[in-house]
Amino acid sequence: MRKAGRPDAPPRSAGRRCALRSLVALPLTAWLPPSALRAATDDPLCAEGPRARHALVVPSDRGYLGRLAPRGAPLTLVAGPRGRLPAGVTHGPLAYRVRHGGRDYVNPTLLLEPGERVRITLDNRLDAPTIAHWHGLAVDTANDGNGSTLAAPGARHAYDFVVRDRGALYWYHPHPHGSTARQTYDGLYGLLDVDDDDQRGLRRALDLVPGRTELTLVLQDRRAGAGYAPAAADLTHGLFGDDMFVNGVACPYVDVASRLYRLRVLNACNARTLRVAFTTAAGTRVPFTVVGNDGGLLPAPVTVQEAFLAAAERLDLLVDLRDAPVGETVSLASLAFDPMHAEVGEPAAVDHAAMGHGGGASADAGAGAQAHDHAHAAGWPEGAPRRLMDMRVRTRVRYDRAVPATLAPLAPIDIAQARERPFRLGYNKGRWRINDRVFVMGETPVEVARDTTEIWLLRNYHTSMPHAMHLHGFHMEVLERETSPDAVAALAIDGRGRVATDLGRKDTVLVWPGESVRVALRFALPWPGPQTYVFHCHNLEHEDGGMMVGVRVA
Ligand SMILES: [Cu+2]
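Residues take numbers from 1 onward in each chain, read along the sequence in its written order. Where totals are concerned, whole chains, interfaces and linings use all residues; where local detail is concerned, this predicted model gives features only for residues with pLDDT of at least 70, and gives and counts side-chain atom pairs only at 80 or more.

Undergrad: I'm lost on the overall build of the chain in this one. Help?
TA: Helix and strand definitions follow DSSP, with helices as H or I runs of at least four residues and strands as E runs of at least two, each counted in order from the N terminus. The helix and strand inventory of the chain stands at 7 helices and 36 strands. Buried positions account for 52% of the 554 residues belonging to the chain. The contact criterion used is a C-beta to C-beta distance within 7 Å, with each C-beta placed from the backbone. Within the chain, residue pairs in contact and separated by at least 24 positions form 80% of the contacts whose partners lie at least 6 positions apart. Exposed residues have 12 or fewer other C-beta atoms within 10 Å of their own C-beta, buried residues have 20 or more, and partly exposed residues fall in between, where C-beta atoms are placed from the backbone.

Undergrad: Just checking my understanding: could you explain the sheet that holds strand β3 (residues 63-64) for this structure?
TA: The strands making up a sheet are joined through hydrogen bonds of the backbone, oriented either antiparallel or parallel. Pairing within the open sheet is mixed, and its 6 strands lie in the order β3-β7-β6-β5-β9-β11. The strands lining the two open edges of the sheet, one partner per strand, are β3 and β11 (156-162). Of the strand pairs in this sheet, strand β5 (residues 75-81) and strand β6 (residues 94-100) are connected by 4 bridges, and their pairing is antiparallel. Counterpart to P81 in the pairing with β6 is L94. Criterion used throughout: strands pair if DSSP finds at least two bridges between them.

Undergrad: Would you mind going over the sheet that holds strand β4 (residues 67-68) with me for this structure?
TA: The 5 strands are arranged β4-β8-β13-β12-β10 in an open sheet whose pairing can be described as mixed. The sheet is open, and its two edges are formed by β4 and β10 (132-135), each paired on a single side. Judged from the 4 bridges that link them, β10 and strand β12 (residues 168-174) form a sheet pairing that is antiparallel. Within the sheet, the bridge partner assigned to H133 lies in β12 and is H173.

Undergrad: Just checking my understanding: could you explain helix α4 (residues 197-206) for this structure?
TA: Helical geometry note: an α-helix holds 3.6 residues per turn, so side chains three or four residues apart project in the same direction. All buried positions along α4 are accounted for by Q199, L202 and L206. Taken around the axis of α4, the buried residues stretch over an arc of 60°, which confines them to a single face. Seen from the buried face of α4, the exposed residues on the opposite side, beyond 90 degrees, are D197, R200 and R204. Close packing links the buried residues of α4 with β18 (260-267), β21 (288-293) and β22 (296-304). Following α4 by one or two positions, D207 has its phi on the positive side, about 55°. By definition, the arc is the one covered by directions from the helix axis to the C-beta atoms.

Undergrad: Can you help me understand the nonpolar core in this one?
TA: Put simply, a nonpolar core is a cluster of buried Ala, Val, Leu, Ile, Met, Phe, Trp, Tyr and Cys residues tied together by C-beta atoms within 7 Å. Membership of the largest hydrophobic core comes to 139 residues, with the highest contact counts inside it found for L56, L192, L219, V246, V509 and V519. Residue assignment places this core across two domains, with domain 1 (57-193) and domain 2 (419-553) each supplying three or more. Apart from the residues within four sequence positions on either side, V519 is in contact with W456, L458, M476, E477, V478, L479 and V509. Segmentation of the chain into domains, including their bounds, is taken from an automatic or database domain assignment.

Undergrad: Any chance you could explain the environment of D140 here in plain terms?
TA: Considering the arrangement of structural elements, one finds D140 in the loop between β10 and α2 (141-144). The partly exposed category is assigned to D140, around which 16 C-beta atoms lie within 10 Å. Between the alpha carbons of D140 and P530 there is a distance of 9.4 Å; along the sequence they are 390 residues apart. Discounting chain neighbours no more than four positions away, the residues touching D140 are W527 and Q531.

Undergrad: Would you mind showing me how to read unusual backbone geometry here?
TA: Working note: non-glycine residues mostly have negative phi, and peptide bonds are mostly trans. Phi at A312 takes a positive value of approximately 80°, unusual for a residue other than glycine. Topologically, A312 is positioned in the loop between β23 (307-309) and β24 (314-320). With phi around 50°, N435 is a residue other than glycine that occupies positive phi space. As for its placement among the helices and strands, N435 is situated in the loop between β28 (431-434) and β29 (446-448).

Undergrad: So what exactly am I meant to see when it comes to the environment of A310 here?
TA: Tracing the chain through its elements places A310 in the loop between β23 and β24. As for A310 and L274, which are separated by 36 residues in sequence, their C-alpha atoms are 6.2 Å apart. In this structure, A310 is in contact with N267, T273, P466, A468, T508 and L510, ignoring residues within four places of it in sequence.

Undergrad: Hey, could you run me through the environment of D400 in this one?
TA: Its location among the elements puts D400 in the loop between β26 (386-395) and β27 (419-428). Residue D400 is classed as exposed on the basis of its 7 C-beta neighbours within 10 Å. Expressed as a C-alpha distance, the spacing of D400 and R259, which sit 141 residues apart in the sequence, is 8.4 Å.

Set out below in structure tokens:
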């Protein structure tokens with residue numbers, strides 16, 4: 001394990017910075033020396049007080065989140081108790097453990113390449129059934145891990161597939177219906193880093209080195225206490241933690257030089273959407289450049305001030321610190337936003353235990369029985385601002401690389417012959433629903449002809465919540481957003497209402513209340529015979545509650 005930065009460096013006093021900030025108001029448009037007094041009109045991050053006590057854990061070639069390149073060799077992924085963790089790391093009670101090449105890994109980052117054969121045996125040492133899903137990879141049903149087949153406690157499940165996807169940051173997590181939220185929250189997740197020529201080209205162009213100037217960040221919010229214990233309200237709204245952990249560390253710091261950095265971020269939260277931005281210690285916003293998302297690199301970079309990042313989405317970005325003075329701290333943060341949680345009624349009406357969900361409610365579920373108690377929001381409500389990670393500029397270096405004008409060739413999906421298929425997202429009778437239905441294992445209400453193209457119209461009721469809609473097996477091209485909330489419309493980068501993170505390809509698309517989003521899908525299948533997948537909300541409490549639909553492609 002290599003830790004970036006010096007853990008002994010004392011944190012600066014946030015309280016003093018905040019006091020100084022209130023003295024003087026200046027335009028917040030340019031870098032200023034750190035001694036300058038500047039005001040932040042709203043600097044909610046001050047409320048956090050001094051943090052960033054621990055260095056970011058940077059995955060090495062072993063251990064926690066360690067980078068493992070199987071290169072076609074078989075792996076055994078043991079799902080069970082997590083074992084020992086590095087100092088400063090907070091993690092759930094469970095983990096995927098791998099022993100490979102004489103090294104031990106915990107939730108390894110699997111390094112893969114297009115065309116590579118992947119052979120993984122899942123060894124279930126949990127006391128409950130499980131299955132692993134390769135989120136974002138286009139595989140056949142037998143290898144998708146969508147929950148239709150499970151590994152019983154003590155049993156194994158074998159995967160054998162070929163990587164057919166573009167270079168991108170994908171991930172893996174459990175997908176046993178009804179227990180996905182519990183097992184993921186309890187610590188079962190890992191990154192899949194698929195590398196290709198476009199990715200290597202970007203690294204060459206910008207002199208990026210993984211683990212040094214290119215950092216993968218897994219974000220998970222957690223509550224105090226070891227395991228998954230949702231209150232009734234959490235099952236309706238989703239479970240929101242009190243603290244954010246970046247690679248297992250609460251608000252870590254990383255010491256950096258005055259140059260460009262690439263951050264590849266996975267939102268592995270059960271339910272929380274983030275409004276990602278960068279701010280200086282004085283509250284000045286620092287723009288960043290979106291270069292990729294769930295499906296790999298965008299055709300071209302887009303520079304923005306902020307971007308929403310919903311559960312399961314990935315954000316691949318560049319932050320340019322070449323003009324930052326030594327001594328400056330630039331924080332990755334989530335800014336304040338309206339999470340648009342409609343008051344959807346009586347949480348106690350959702351009886352997950354009666355629905356056969358292994359997740360179940362905790363003993364204190366009764367405490368959430370009041371309809372609008374927002375027990376889920378006690379510690380850190382969704383939409384409340386939070387500093388997530390500090391980048392402390394410690395060294396001045398010369399850096400003169402320019403971000404390439406194009407990143408990766410990516411033709412639009414040809415929609416000339418596409419049929420349109422509507423989906424309605426909403427809440428009724430205590431359950432989140434897709435087209436007024438809740439999920440039934442084995443049923444496939446969505447039937448698609450293979451080798452056809454469809455446009456899916458995803459409409460979310462005004463009285464709903466944001467839903468991060470994820471389709472297994474295929475990637476979506478976002479065509480347009482209509483009637484978006486103001487906070488989303490303000491981020492549109494084209495006449496079709498799309499935001500920067502909509503470009504390229506997506507496996508998870510956030511649909512806000514009142515919004516209509518059109519996505520194009522090409523249902524090409526290289527495998528014979530019908531294949532079945534699922535389309536679901538990636539708010540894991542919504543998913544486990546049945547906000548999912550079977551999709552059969554034949
Ligand atoms: Cu949802």
